[in-house]
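Residue-level listing of the chains:
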Amino acid sequence: MATLEIRDLHVTVEVENGTKEILKGVDLTVKQGETHAIMGPNGSGKSTLAYSIAGHPKYTITQGTVTLDGEDVLEMEVDERARAGMFLAMQYPVEVPGVSVSNFLRTSATAIRGEAPKLRTWVKEVKEAMAGLQMDPSFAERNVNEGFSGGEKKRHEILQMELLKPKIAILDETDSGLDVDALRVVSEGVNRVRATGEVGTLLITHYTRILRYIKPDFVHVFANGKIAESGGAELADKLESEGYEAYVKGGASA
Ligand code: ADP
Ligand code: MG
Ligand code: MG
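Residues numbered from 1 in each chain as written. Chains lettered and ligands numbered in written order. Predicted model: local features only at pLDDT ≥ 70, side-chain atom pairs only at ≥ 80, totals over all residues.

The chain has the name Cysteine desulfurase in an unreviewed UniProt entry, where Streptomyces alboflavus is given as its organism.

Below, the structure written as structure tokens:
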């Protein structure tokens, strides 16, 4: 079983008047088969955590480690991270002009599996996954993220997750901007992957509503650049009724 381990992670960004520490010692372990929700107020550093694991050049790791089965993730090139079994949903929302969804998915699957998927089974897999996400077949011929609506971007993200079968998936605000129907469809997609027991998911969100559809095994409250409290699904209910106020006192959430 693959294990992602984040230990004492400190991350800074360059801002106008110097260097700002955003992550201040994050500790988290995500195992294949587990679903973890990271919840926290805006500006608490949730996306910074996702970007740092993804290797975004804007974020400087000043202390700590991120490993996948003991391998140093921070030393890997972005494509190596994908081949190692990591899926980082925020990596892809860029437009890829002239590359269709269909080609993009096949190229990604080939890179990750080390060989091109057999065409007949692949076409069937893609069709089924798209149908499950209530996506029109014509979507496969559109250019990646070009003119995609918010909802289409999220469905495309989950389509990738279903087809690429990662060991560890990090989904940053997959619920944002979705209406209730789209939220349900997208959540069902995540749950289908989850039901295989083969994926460890880190679901980053500000709102509790997605957790009505995707029941996390663990909930972590993120505040002021680190995990302030961890618990089970019941912690999300507490956040729903009490909000984040108790966690941000004394720590700016700018
Ligand atoms: P969240 O996802 O929890 O809303 P973020 O990780 O997006 O939080 O942001 C945390 C803090 O770090 C915010 O104060 C934000 O302005 C700052 N920050 C994040 N990324 C950058 C960046 N690339 N440059 C400057 N400041 C940043
Ligand atoms: Mg934010
Ligand atoms: Mg964010």
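Resuming the write-up.
**Student:** So what exactly am I meant to see when it comes to the overall build of the chain here?
**Tutor:** Per the secondary structure count, the chain includes eight helices and twelve strands. Its C-alpha atoms give the chain a radius of gyration of 18 Å, within 12% of the compact-globule value 18 Å for 254 residues. Each of the three principal axes of the chain carries a C-alpha extent, and together these read 55 × 40 × 40 Å. The buried share of the chain, reckoned over its 254 residues, is 37%. (Helix = DSSP H or I, 4+ residues; strand = E, 2+ residues; numbered from the N terminus. Rg over C-alpha atoms; globule rule 2.2 N^0.38 Å. Buried ≥ 20, exposed ≤ 12 C-beta atoms within 10 Å, placed from the backbone.)

**Student:** Please clarify how the site of ligand 1 should be interpreted in this entry.
**Tutor:** Lining the immediate surroundings of ligand 1 are 13 residues, of which Val13, Ser44, Lys46, Ser47 and Thr48 lie closest. Sorting the residues of the shell around ligand 1 by element identifies β1 (3–15) and α1 (46–54) as the ones contributing at least two each. The element contributing the most residues to the shell around ligand 1 is α1, with three residues. Broken down by class, the residue content of the shell around ligand 1 amounts to four nonpolar, seven polar and two charged. (Near = placed C-beta within 6 Å. Nonpolar A, V, L, I, M, F, W, Y, C, P; charged D, E, K, R; others polar.)

**Student:** Where do I start with the pairing of strand β3 (residues 35–39) in this structure?
**Tutor:** In the case of a regular strand, side chains alternate between the two sheet surfaces. Of all five residues that make up β3, five are buried, and the element is covered over most of its length. Alternating positions in β3 separate into two faces, Thr35, Ala37 and Met39 on one and His36 and Ile38 on the other, with burial throughout. Bridging between β3 and strand β10 (residues 200–205) involves five bridges; their strand directions are parallel. For Ile38, the partnering residue across the bridge sits in β10 and is Ile204. With four bridges connecting them, β3 and strand β11 (residues 218–223) associate as parallel partners. Residue pairing in the sheet places Ile38 in a bridge with His220 of β11. (Pairing = 2+ DSSP bridges.)

**Student:** Can you walk me through the sheet that holds β11 in this structure?
**Tutor:** Strand-to-strand pairing in sheets goes through backbone hydrogen bonds, with the strands running parallel or antiparallel. Pairing is mixed across the open sheet formed by six strands, whose spatial order is β6-β9-β10-β3-β11-β12. Whereas interior strands pair on both sides, the edge strands pair on one side only; in this sheet they are β6 (86–88) and β12 (226–231). For this sheet, the mean angle separating the axes of adjacent strands, direction not counted, is 20°. Contacts from α1 reach β3, β6, β9 (168–172), β10 and β11, with the element oriented near 140° to β9. (Axes fitted to C-alpha atoms, helices over the stretch in contact; angles between N-to-C directions. Contact = placed C-beta atoms within 7 Å.)

**Student:** I tried to follow unusual backbone geometry on my own but got confused; where do I start?
**Tutor:** One can expect most non-glycine residues to show negative phi and most peptide bonds to be in trans. The phi dihedral of Lys165 is positive, around 45°, even though this residue is not glycine. Relative to the elements of secondary structure, Lys165 occurs in the loop between α5 (150–164) and β9. Taking the number of C-beta atoms within 10 Å as the measure of exposure, Lys165 has 16 and is therefore partly exposed. We note that Asn224 has phi near 55°; this positive angle belongs to a residue other than glycine.

**Student:** Just checking my understanding: could you explain the nonpolar core for this structure?
**Tutor:** Note on soluble globular proteins: their nonpolar side chains tend to be buried together. One finds Met39 and Ile170 to be the most contacted residues of the largest nonpolar core, which totals 60 residues. If you tally residues by element for this core, the top one is strand β2 (residues 18–31), at five residues. Residues within four places of Met39 in sequence aside, it is in contact with Thr205, Val219, Val221, Phe222, Ala236 and Leu239. (Core = buried A, V, L, I, M, F, W, Y, C linked by C-beta atoms within 7 Å.)

**Student:** Even after reading the chapter, I still don't get helix α7 (residues 234–242), so can you show me in this structure?
**Tutor:** Leu235, Ala236 and Leu239 are the residues of α7 that are buried. Projected onto a plane normal to the axis of α7, the buried residues spread over an arc of 100° and lie on a single side. Projecting away from the buried face of α7 at angles above 90 degrees are the exposed residues Glu234 and Ser241. Tucked into the core, α7 has its buried residues touching β3, β11 and β12. (Arc of directions from axis to C-beta.)

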